[in-house]
Amino acid sequence: MDIIVPMQQTVDLVEELELNDEGTDVEREYLKFVANEWDEQALEEALLLKEAAGGTVTVVGIEETDVDGTLFSALAKGADRAVKLTGDFETGVSSHERAAILAAWLGDQSYDLVLVGVQSPEDLDGQTGVILANLLDVAHVSVAIGVEPHEGGVKVSQEFGGGIVQELAISGRAVVGIQAARQAPRYVSISRVRQAMQGGGLEESAAPQVEASSGTTVRRLYAPQSTSHAEMLEGDADAVAARILEIVRERGLVKSGS
Amino acid sequence: MGNDIFVLVEHTQGAVDDGTHELLGRARGLAEDSGGRTVACLLHAGATGAADGLAADVVLSVEHPSLEHFLPEAYVKTMAALVAEHEPRATLIANTTVGMDVAGGLSARAKLPLVAYCTAIELEGDELVATSQLFGGKLNAEVAVDGPAICSVVAGSFEPATGGSPDVEDVAPGGLDDLATSFLARVEPEASDVDITAEEILVSVGRGIGGEDNIELAQELADALGGVVCASRPVTDGGWLPKTRQVGKSGQKVKPKLYIAIGISGAPEHLEGMGDAELVIAINTDENAPIFDVAHYGTTEDLFDVLPALTEQIEAAVSA
Ligand SMILES: Cc1cc2nc3c(=O)[nH]c(=O)nc-3n(C[C@H](O)[C@H](O)[C@H](O)COP(=O)(O)OP(=O)(O)OC[C@H]3O[C@@H](n4cnc5c(N)ncnc54)[C@H](O)[C@@H]3O)c2cc1C
Ligand SMILES: Nc1ncnc2c1ncn2[C@@H]1O[C@H](COP(=O)(O)O)[C@@H](O)[C@H]1O
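Residues numbered from 1 in each chain as written. Chains lettered and ligands numbered in written order. Predicted model: local features only at pLDDT ≥ 70, side-chain atom pairs only at ≥ 80, totals over all residues. Heavy atoms only, no water.

What follows covers the overall build of chain A. From N to C terminus, chain A includes six helices and 13 strands. Taking the principal axes of its C-alpha atoms as reference, chain A extends roughly 70 × 45 × 40 Å. Taken across its 258 residues, chain A has 55% of its residues classed as buried. When contacts within chain A are restricted to residue pairs at least 6 apart in sequence, long-range pairs at least 24 apart make up 72% of them. By element, 45% of the accessible surface of chain A is carried by carbon and sulfur atoms, the whole surface being about 11000 Å². (Helix = DSSP H or I, 4+ residues; strand = E, 2+ residues; numbered from the N terminus. Buried < 20%, exposed > 50% of the residue type's maximum accessible area, 1.4 Å probe, protein only. Contact = heavy atoms within 4.5 Å. Areas by Shrake-Rupley, 256 points an atom, 1.4 Å probe, with all protein chains shown as cover.)

And the structure:
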């Protein structure tokens with residue numbers, strides 16, 4: 001099975017998310033970017049599928065901040081091919097635009113399956129995978145936690161709330177939004193990524209020109225102002241622990257001498 | 001553009017999800033503003049009864065054997081046909097597994113803008129203005145769409161409405177006889193060693209705990225408190241704790257007397273499972289973590305310092 005995994009760069013949520021001067025987007029110029037964690041899950045599921053059933057894995061990324069590192073890391077993990085779609089994307093790419101670029105690029109590729117992260121932290125106008133599938137007019141399944149070969153197509157396990165899972169069969173090509181791979185994404189050492197970098201092997205081609213707009217306008221971006229922010233406990237760990245003990249004790253949740 | 005507000009009904013063989021009633025609650029207000037009707041879209045196979053009591057003016061009922069289970073393709077095609085025919089002002093879809101498949105698919109097929117992760121929706125003249133929860137709950141976006149729009153809605157955003165007596169209109173399905181997707185099986189979750197929904201004290205660990213070996217630190221605290229350890233999704237995905245211990249959108253909804261969140265950022269999908277806990281105490285080194293917006297008490301001290309200290313003090317208090 002030949003599998004394509006689109007990989008998106010997104011801001012590292014652990015960082016303080018500074019806003020641009022207009023207050024309409026995060027400050028993309030200075031923030032740290034990492035691979036979308038769900039795309040990492042999609043890559044892992046793709047590698048597992050390849051190991052079990054043969055075929056190839058191709059990762060493809062739009063030229064976003066630090067995408068090279070993500071693509072080389074995928075090669076080091078076992079992807080066969082990595083493609084960077086070049087262009088001016090520093091100011092952010094909507095899901096509709098991303099999906100349209102991928103759909104146009106996929107038009108020239110041979111593949112059986114696209115695995116993509118189920119969502120990203122900034123997909124304001126919807127999840128890329130499902131938009132892509134419907135542009136390509138192929139079947140789609142969201143929130144997948146497992147994909148296996150099945151009668152010439154695939155079997156997808158789709159997760160609902162409360163841990164209920166339904167299994168669906170898809171014949172022909174499909175785009176699947178991965179929530180979690182069957183196992184945690186594999187680790188790859190920095191030295192192996194460096195080796196991959198030295199080996200080169202990152203294909204570059206200009207991103208297809210597309211007419212696509214999300215139709216949405218961000219008026220402003222802001223940190224939610226909670227009316228009930230936590231009361232922050234002061235002092236070192238011992239002092240904090242003592243206050244927590246007091247609080248849970250007041251509510252009768254710790255019983256001395258019990 | 002018409003004035004009606006569409007809502008996708010989510011149901012399991014006729015049992016309507018709570019989220020649908022929340023959407024109908026907001027749809028009613030929007031329909032008053034737009035001067036249109038609240039229209040519930042019910043896709044099913046022999047579950048017409050699900051229309052009873054929906055807080056809608058009209059139910060569009062589409063019945064077909066391919067709609068017995070949730071097949072994403074069948075739902076998207078059906079909704080795209082309904083929306084093309086009726087041109088609603090807005091279409092509200094819950095941000096569930098079903099909704100994630102339908103909202104984006106509908107947006108692509110009907111060529112309508114989508115605002116995802118909505119927690120508020122208003123109409124301002126021809127514009128629809130929504131609040132979208134992004135970046136793991138750390139930032140909100142105020143988003144405007146000119147003209148008809150699709151909104152996918154975060155659970156718990158709106159007050160539910162029930163108790164209507166809608167007119168039911170049967171609509172013939174189209175394009176559902178030749179699908180690439182078919183239903184194979186439904187798998188219930190495995191039985192659990194503990195039922196975290198029944199526990200009064202939960203010590204919940206997130207990715208910040210760093211690895212399986214450190215779960216012990218939380219277990220010791222839980223033991224001292226007479227509670228149970230549960231977790232956020234990355235912890236169960238990583239196999240550090242069983243899946244049955246997962247709290248959140250795709251895990252369990254819990255309502256304990258005490259919920260101690262340790263190294264959990266408080267993403268919307270996690271908050272969906274524990275927002276109703278009576279007392280929430282959060283330990284997280286990131287002062288901007290959204291968990292502090294739902295916690296009653298919080299500390300930014302390192303969890304690896306707080307946990308041992310807290311366990312020791314509670315053990316001492318219990319045996320005093
Ligand atoms: C369809 C879908 C369903 C989902 N369902 C669920 C669900 O049911 N449940 C769920 O939890 N998630 C769910 N998620 C995932 C969710 O979006 C988040 O990714 C997840 O909740 C993040 O878990 P976390 O808070 O443990 O990790 P992170 O967001 O990575 O947060 C870790 C936190 O630990 C803190 N930290 C790190 N080190 C320390 C330290 N030494 N001391 C103190 N604090 C520290 C960091 O500041 C950070 O805030 C779902 C996602 C999708 C797309
Ligand atoms: N006929 C249906 N129409 C809409 N949603 C459904 C239908 N059947 C199932 N679902 C959804 O899919 C989930 C799992 O369904 P099932 O596999 O049928 O038990 C449920 O939580 C529902 O939200």
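From this point, the narrative continues.
Along its length, chain B carries eight helices and 17 strands. Counting only C-alpha atoms, chain B reaches 70 × 45 × 35 Å along its principal axes. Looking at chain B residue by residue over its 320 residues, the buried ones come to 57%. Total accessible area on chain B is roughly 11700 Å²; 44% of this is exposed by carbon and sulfur atoms.

Our focus in this paragraph is the sheet that holds strand β1 (residues 2–7) of chain A. Strand order in the open sheet made by the ten strands is β11(A)-β5(A)-β4(A)-β1(A)-β6(A)-β10(A)-β7(A)-β8(A)-β9(A)-β12(B), with mixed pairing throughout. Each edge of the open sheet carries a strand with a single partner, namely β11 (202–206) of chain A together with β12 (181–187) of chain B. Geometrically, the sheet is characterised by an average inter-axis angle of 30° between neighbouring strands, direction not taken into account. Both strand β9 (residues 165–170) of chain A and β12 of chain B contribute to a ladder of six bridges, which runs antiparallel. Residue pairing in the sheet places Ile170 of chain A in a bridge with Thr181 of chain B of β12 of chain B. (Pairing = 2+ DSSP bridges. Axes fitted to C-alpha atoms, helices over the stretch in contact; angles between N-to-C directions.)

Turning our attention to helix α2 (residues 72–86) of chain B. Residues and elements named next belong to chain B. Taking 1.5 Å as the rise per residue, α2 with 15 residues should run 21 Å; its terminal C-alpha atoms sit 21 Å apart, in good agreement. For α2, the set of buried residues is Pro72, Glu73, Ala74, Tyr75, Val76, Thr78, Met79, Ala80, Leu82 and Val83. Within two residues after α2, Glu87 carries a phi angle of roughly 45°, on the positive side. (Expected span 1.5 Å × (residues − 1).)

Overall, parallel pairing links the six strands, which are arranged β13(A)-β17(B)-β16(B)-β15(B)-β13(B)-β14(B) in an open sheet. Edge strands, defined here as strands with exactly one partner in the open sheet, are β13 (231–232) of chain A together with β14 (228–231) of chain B. Pairing of β13 of chain A with strand β17 (residues 297–299) of chain B involves two bridges; the strand directions are parallel. From the neighbouring strand, Met232 of chain A faces β17 of chain B, where its bridge partner is Gly298 of chain B.

Let's shift gears to the side chain of Gln119 of chain A. Its location among the elements puts Gln119 of chain A in the loop between β6 (113–117) and α4 (128–136). You can call Gln119 of chain A buried: its relative accessible area is 10%. A distance of 2.9 Å separates polar atoms of two side chains, one belonging to Gln119 of chain A and the other to Glu269 of chain B. Here Gln119 of chain A is in contact with Asn36, Trp38 and Gln127 of chain A together with Met100, Tyr117 and Glu269 of chain B, once residues within four sequence places are set aside. (Polar contact = N/O pair within 3.5 Å; in protein donor to acceptor, adjacent residues only side chain to side chain.)

Looking now at the packing of aromatic side chains. In the structure shown here, the tally under the stated rule is two aromatic pairs over all chains. Here the aromatic rings of Phe160 of chain A and Phe70 of chain B are separated by 6.4 Å at their centres, their planes lie at 80°, and the arrangement is edge-to-face. On the criterion of chain membership, the pair formed by Phe160 of chain A in the loop between β8 (153–159) and β9 and Phe70 of chain B in the loop between β5 (58–63) and α2 is interchain, its members lying in two chains. Given the relative accessible area of 17%, Phe160 of chain A is considered buried. Taking 4.9 Å as the distance between ring centres and 75° as the angle between the ring planes, the aromatic pair formed by Phe70 of chain B and Tyr75 of chain B counts as edge-to-face. Each member of the pair Phe70 of chain B and Tyr75 of chain B is classed as buried. (Phe/Tyr/Trp six-rings, centres within 6.5 Å; stacked < 30°, edge-to-face > 60°.)

Here we take up the site of ligand 1. Residues in close proximity to ligand 1 total 29 residues, the closest being Ser232, Val247, Ser250, Ser265 and Asn284 of chain B. In this structure, ligand 1 is bordered by residues of chains A and B. Bound to the protein, ligand 1 loses 89% of the 990 Å² it would expose on its own. Secondary-structure elements contributing two or more residues to the shell around ligand 1 are α1 (37–53) of chain A together with α5 (233–237), α6 (268–274) and α8 (303–319) of chain B. Within the shell around ligand 1, the residues separate by chemical class into eight nonpolar, 14 polar and seven charged. (Near = heavy atom within 4 Å. Nonpolar A, V, L, I, M, F, W, Y, C, P; charged D, E, K, R; others polar.)

Right, let's get into the site of ligand 2. In the vicinity of ligand 2 lie 15 residues, with His11, Thr12, Leu67, Tyr75 and Arg186 of chain B positioned nearest. With respect to ligand 2, the chains having nearby residues are chains A and B. Take Gln166 of chain A: an N or O atom from its side chain is 3.4 Å from an oxygen atom of ligand 2. Take His69 of chain B: an N or O atom from its side chain is 3.4 Å from an oxygen atom of ligand 2. Relative to its free-state accessible area of 470 Å², ligand 2 is covered by the protein chains to the extent of 95%. Tallied by class, the residues present in the shell around ligand 2 amount to six nonpolar, five polar and four charged.

On the side of chain B, 85 residues touch chain A, which itself brings 88 residues to the contact. Across the chain A/chain B interface, buried area totals approximately 7000 Å², and carbon plus sulfur atoms make up 57% of it. Counting the surface chain A buries against chain B, the share from its top three residues, Leu124, Arg219 and Leu253 of chain A, is 9%. Run the count over chain A and chain B and you get eight salt bridges. Note that Arg219 of chain A is salt-bridged to Glu127 of chain B, the shortest N-O span being 2.9 Å. Residue assignment for the side of chain A that touches chain B shows that the elements contributing at least two residues are α4, β7 (139–150), β8, β9, β12 (217–222), β13 and α6 (237–250) of chain A. No other element matches α6 of chain A, which puts eleven residues into the side of chain A that touches chain B. Looking at side-chain class alone, the side of chain A that touches chain B contains 42 nonpolar, 27 polar and 19 charged residues. Sheet analysis places β12 of chain A next to strand β9 (residues 139–146) of chain B, joined by five bridges and oriented antiparallel. Bridge pairing in β9 of chain B places Val218 of chain A opposite Val143 of chain B. (Buried area = accessible area lost by both parts, 1.4 Å probe. Salt bridge = Lys/Arg side-chain N within 4 Å of Asp/Glu carboxyl O.)

Function cannot be read off these values alone, since they describe shape.
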